[in-house]
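Structural description and commentary
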Amino acid sequence: MNALAFLLALPLAALAADKPPVDAGPYVPSPQSVVADMLKLADIGPQDFVVDLGSGDGRIVLTAAKVFGARGFGVEIKDDLVVKSNEAAKKEGLADRVKFMKQDLFKTDLSQATVVTMYLLPDTVNLLKDKFLTELKPGTRIVSHAFNMGDWKPDATYKVGSSTVYYWVVPERK
């Protein structure tokens, strides 16, 4: 079974539990070319604060800071990836603008975000929809590699090589 098939086979109940799973599945990084295109599509700039949910090795937040001048943080469940990401931020001279932490992404404060990025399992993405609509300011951009948010139709869908990237802008509250 390949990694993507494994990820798609995980039950929703494992993701929706009160406590995050000890191991949310294998780490599958977004290719750097997809990362760059995700950030370009979100029109990232120095004024942005990027929050990456399921940040893995930190490549999205690190690229946002290094290439586009943004600030931000990444949330990851695996200790070794958090350590690796923070070490990379120090090594690249970005530790004053980005940080990575082990944290439950469902309990993460997203209020600073102007852009949210993610490459998460479909069920997790769908569980985050209400959090996004409640916590994010109108106009906040959301970019997802590979998976959409079900009945919240994306504002745009892009093909990046063999990958699909979904893009939303948080609407004004009614």
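What you see is a predicted model; the values in this text were computed from it and never measured.

**Description of the confidence of the model for the protein**
In the predicted model, the protein carries a mean pLDDT of 87, and the fraction of residues at 70 or more is 85%. Within the protein, strand β1 (residues 49-53) carries the highest mean pLDDT (98), whereas helix α2 (residues 12-16) carries the lowest (37). Every residue in residues 1-23 scores below 50 in pLDDT, and together they form 34 contacts with partners more than four places removed in sequence or on other chains.

**Comments concerning the nonpolar core**
Of all hydrophobic cores here, the largest spans 23 residues; its most connected members are Leu53, Met118, Phe132, Leu136, Ile142 and Met149. With residues near it in sequence (within four places) discarded, Leu136 still touches Leu110, Ala113, Val116, Lys131, Ile142, Val170 and Arg173. Core analysis: the second largest hydrophobic core is formed by 17 residues, Val34, Val115, Val165 and Tyr167 among them.

**Focus on the environment of Thr140**
Checked against the element boundaries, Thr140 lands in the loop between α6 (122-135) and β5 (141-145). As for Thr140 and Ser111, which are separated by 29 residues in sequence, their C-alpha atoms are 9.9 Å apart. Apart from the residues within four sequence positions on either side, Thr140 is in contact with Ala113, Thr114, Val115, Trp168, Val169 and Val170. Within the structure, the side chain of Thr140 is placed 2.7 Å from the backbone oxygen of Lys137, a separation counted as a polar contact.

The rules behind each value
- As a convention, each chain's residues are numbered from 1 in the sequence order in which they are written.
- Predicted model: local features are reported for residues with pLDDT of at least 70 only, side-chain atom pairs are reported and counted for 80 or more only, and whole-chain, interface and lining totals are derived from all residues.
- For side-chain calculations, the full set of non-hydrogen atoms in the structure is used, while hydrogens and water are omitted.
- pLDDT is a residue-level measure of predictor confidence that goes from 0 to 100.
- Secondary structure elements follow DSSP: runs of H or I of four or more residues count as helices, runs of E of two or more count as strands, with numbering from the N terminus.
- Note on contacts: a residue pair qualifies if any of its non-hydrogen atoms lie within 4.5 Å across the two residues.
- Here, nonpolar core means buried Ala, Val, Leu, Ile, Met, Phe, Trp, Tyr and Cys residues that are tied together by side-chain atoms lying within 4.5 Å of each other.
- Each residue is assigned to one of three classes by its accessible area relative to the maximum for its type, calculated with a 1.4 Å probe on protein chains only: buried under 20%, partly exposed between the two thresholds, exposed over 50%.
- Under this definition, polar contacts are N or O atom pairs within 3.5 Å; protein pairs additionally need one hydrogen-donor-capable and one acceptor-capable atom, and for neighbouring residues in sequence, both atoms have to be side-chain atoms.

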